[in-house]
Amino acid sequence: MSTPETTPVTTDVATAPPVLEISSLCVDYGVGQGAVRALHDVDLTLRRGEVLGLAGESGSGKSTLAYAVTRLLSPPGVITGGDVRYHPRGGEPVDVLAMTPQELRAFRWQEISIVFQGAMNSLNPVHTVRTQLTDVLKAHRPGMSRTERVERARELLSLVGISPDRLSAYPHQLSGGMRQRVMIAMALALEPEVVIMDEPTTALDVVMQRQILRQLVRLREELGFSVVFITHDISLLIEFSDRIAIMYGGRIVEQAGAAEIYRDPRHPYSDGLLHSFPALRGPRRELTGIPGSPPDLKAMPPGCAFHPRCPKAFDPCDRRVPRLAPVGTDTDRSVACWLNDDRRSGEA
């Protein structure tokens, strides 16, 4: 992990309309009594033009949420409840979970796209970059000529900082950072409104991470799309996101602006994540981290899932699950923790 080196994004999107609304979303792996609940009643709103960071340890449900929203869950993953609404510009909200296969084909990449973790596993090793970029355009823009598709592919590579002459390269001939940029170019090919990025910089070194993040900031300002940025590295989200949602045990446990999370985390888990990486400037501080391991989804602890690892756990924590609710009068900040005195009357 690395410490934030720039001021958090301050773009005012608090009054922007929603582009994606997730309500009470539940996902199970398996069916019947052997099913494992991976997402528990997740509520999340992505505003137009916003960068929403999604942080948490491995197994917290981040990628499952991304695949559920895009209807890409592989068996035995099953969406068992909830609602996902997409708000197109100038149109009525669309129920993503009710879409037919034909509607989904038109919806993906044109309205919402995803950058998968591990570009080498996502790109086809036996096809050139040109073929893989133009195939997207051929499938979704049948009216484009071959020359127009190639020219668009050249534009996309230039957009992400790669020389267009690399169109003839195969994935193994590109560096890790370049492969990841090709995936970003592919995700932006049809100018979608929402781009979901599932840990796109995890396998890259710190220098390359910063280069890609700077390009994402620039592209977001130029093209105006919204981003859901998934990572376990909360320090990346602090400097890149407008707002951050923290996940643990398949639930959202805290939501707030990036600066608020950094300066005053209200959930002990958020605080533990922030104290798991060293600061490069300022006074020395002890790295405390988070003891123990994430919960086993097959045997979730009673009450708050974090209480076995929480240094501040007390009486209600091991018996009752706190709801995610606003902190005081701040409707843009919500926490699921019994430490908030005004929340003790709530129960999930």
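Residues numbered from 1 in each chain as written. Predicted model: local features only at pLDDT ≥ 70, side-chain atom pairs only at ≥ 80, totals over all residues. Heavy atoms only, no water.

S.K.: Hey, could you run me through the overall build of the protein in this one?
M.R.: Scanning the protein from terminus to terminus reveals 10 helices and 12 strands. For the protein, whose C-alpha radius of gyration is 21 Å, the value lies close to the compact-globule estimate of 20 Å for 348 residues. The principal-axis extents of the C-alpha atoms in the protein amount to approximately 65 × 50 × 40 Å. Scored against the burial criterion, the 348 residues of the protein give a buried share of 51%. (Helix = DSSP H or I, 4+ residues; strand = E, 2+ residues; numbered from the N terminus. Rg over C-alpha atoms; globule rule 2.2 N^0.38 Å. Buried < 20%, exposed > 50% of the residue type's maximum accessible area, 1.4 Å probe, protein only.)

S.K.: When you look at unusual backbone geometry in this model, what are you seeing that I'm missing?
M.R.: What is expected of a backbone is that most residues other than glycine have negative phi and most peptide bonds are trans. In this structure, P76 follows P75 across a cis peptide bond, with omega equal to 10°. Residue S24 is not a glycine yet carries a positive backbone phi of 50°. On the secondary structure map, S24 appears in strand β1 (residues 18–29). Judged by relative accessible area, which is 35%, S24 ranks as partly exposed. Phi is positive for W109, which is not a glycine, with a value near 75°. Within the secondary structure, W109 is located in the loop between α2 (101–107) and β6 (112–115).

S.K.: Please clarify how the confidence of the model for the protein should be interpreted in this entry.
M.R.: Predicted coordinates in areas of low pLDDT are best not read in detail. For the protein, per-residue confidence averages 88 on the pLDDT scale, and 92% of positions sit at 70 or higher. Low pLDDT, under 50, characterises residues 1–11; the predicted model gives this stretch 40 contacts beyond four residues in sequence or across chains. (pLDDT = per-residue confidence, 0-100. Contact = heavy atoms within 4.5 Å.)

S.K.: Looking at this model, I keep getting lost on the domain arrangement of the protein. Mind explaining?
M.R.: Considered domain by domain, the protein is made up of domain 1 (16–248) and domain 2 (262–278 + 289–342). The C-alpha centroid of domain 2 is placed 28 Å from the C-alpha centroid of domain 1. At the junction of the two partners, domain 1 supplies 14 residues and domain 2 supplies 15 residues. Both faces combined, the contact of domain 1 with domain 2 buries some 1300 Å², and carbon together with sulfur accounts for 70% of it. (Domains from an automatic or database assignment. Buried area = accessible area lost by both parts, 1.4 Å probe.)

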